[in-house]
Amino acid sequence: MKKVIVSLLCVLALASCQTQQSLYSWYDSEHAAYVYTKRTTDETLAKAMAQYEKVINKQVGLRKTVPPGVNAEYGFLLYKAGKREEGLALLEAEKKAYPESEIFISRIINQLKKQ
């Protein structure tokens, strides 16, 4: 009986070591955004945009949806890069995907439209 209990505890302990899949696939977008923020060049902008596109188009995370804030960040970069309609569309997509961000994102959109 003692061996059965010890074996059961060992199995439970090993089962708790299982890794869980992430909710979202971030790829390297955080690092690319950080580098772009620190060194704002055309090259770092292109790398950041490529990473955001990858995050948006190739989601393999558990939720299979774009992580919070990614549409907004990428939309803002697109807007600043001169692709205004695409940028505004992504900002609207952020509001749709995450309704709790509507007040904040609406303010950003209104500020951008005033420029």
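The model shown is predicted, which means the values in this text are computed figures rather than measured ones.

Cut-offs used in this document
Residues numbered from 1 in each chain as written. Predicted model: local features only at pLDDT ≥ 70, side-chain atom pairs only at ≥ 80, totals over all residues. Heavy atoms only, no water. Core = buried A, V, L, I, M, F, W, Y, C linked by side-chain atoms within 4.5 Å. Buried < 20%, exposed > 50% of the residue type's maximum accessible area, 1.4 Å probe, protein only. Helix = DSSP H or I, 4+ residues; strand = E, 2+ residues; numbered from the N terminus. Contact = heavy atoms within 4.5 Å. Axes fitted to C-alpha atoms, helices over the stretch in contact; angles between N-to-C directions. Parallel < 35°, antiparallel > 145°, perpendicular 65-115°, else oblique. Nonpolar A, V, L, I, M, F, W, Y, C, P; charged D, E, K, R; others polar. Phe/Tyr/Trp six-rings, centres within 6.5 Å; stacked < 30°, edge-to-face > 60°.

Just to check I follow, could you spell out the nonpolar core for this structure?
In a soluble, globular protein the nonpolar side chains are often hidden away together inside. In this structure, Met49, Tyr52, Tyr74 and Leu77 are the most contacted members of the largest nonpolar core, which totals 14 residues. With 5 residues, the single largest contributor to this core is helix 3 (residues 42-57). Aside from chain neighbours lying at most four places away, what touches Tyr52 is Ser29, Ala33, Val70, Glu73, Tyr74 and Leu77. By size, the runner-up hydrophobic cluster in this structure holds 7 residues, among which are Tyr79, Leu88, Leu91 and Leu112.

Before we go on, may I ask you to explain the packing of helix 4 (residues 70-80) against helix 6 (residues 102-114) in this structure?
Helix packing for two helices is described by the angle between their axes and how far apart those axes are. With their axes 12 Å apart at the nearest point, helix 4 and helix 6 run at an angle of 0 degrees to one another. Here helix 4 is positioned roughly parallel relative to helix 6, judged by the angle of their axes. Residues Ala72, Phe76, Tyr79 and Lys80 of helix 4 lie in contact with helix 6, whose contacting residues are Ile105, Ile108, Leu112 and Lys113. Looking at the contact of helix 4 with helix 6 residue by residue, the classes come out as 6 nonpolar, no polar and 2 charged.

Would you mind going over the packing of aromatic side chains with me for this structure?
Where two aromatic rings form a pair, the distance of their centres and the angle of their planes describe that pair. Enumeration according to the criterion identifies 2 aromatic pairs in this entry. Between the aromatic rings of Tyr24 and Trp26, the centroid separation amounts to 6.0 Å while the plane-to-plane angle is 75 degrees, which identifies the pairing as edge-to-face. Residue Trp26 is classed as partly exposed on the basis of its relative accessible area, which comes to 29%. Relative to Tyr74, the ring of Tyr52 lies with its centre 5.9 Å away and its plane at 35 degrees, an arrangement referred to as tilted. With Tyr52 in helix 3 and Tyr74 in helix 4, this residue pair connects regions lying 22 residues apart in the sequence. Residue Tyr52 is classed as buried on the basis of its relative accessible area, which comes to 4%. Residue classification places Tyr74 among the buried positions, given a relative accessible area of 7%.

So yeah, pure geometry; function would need other evidence.
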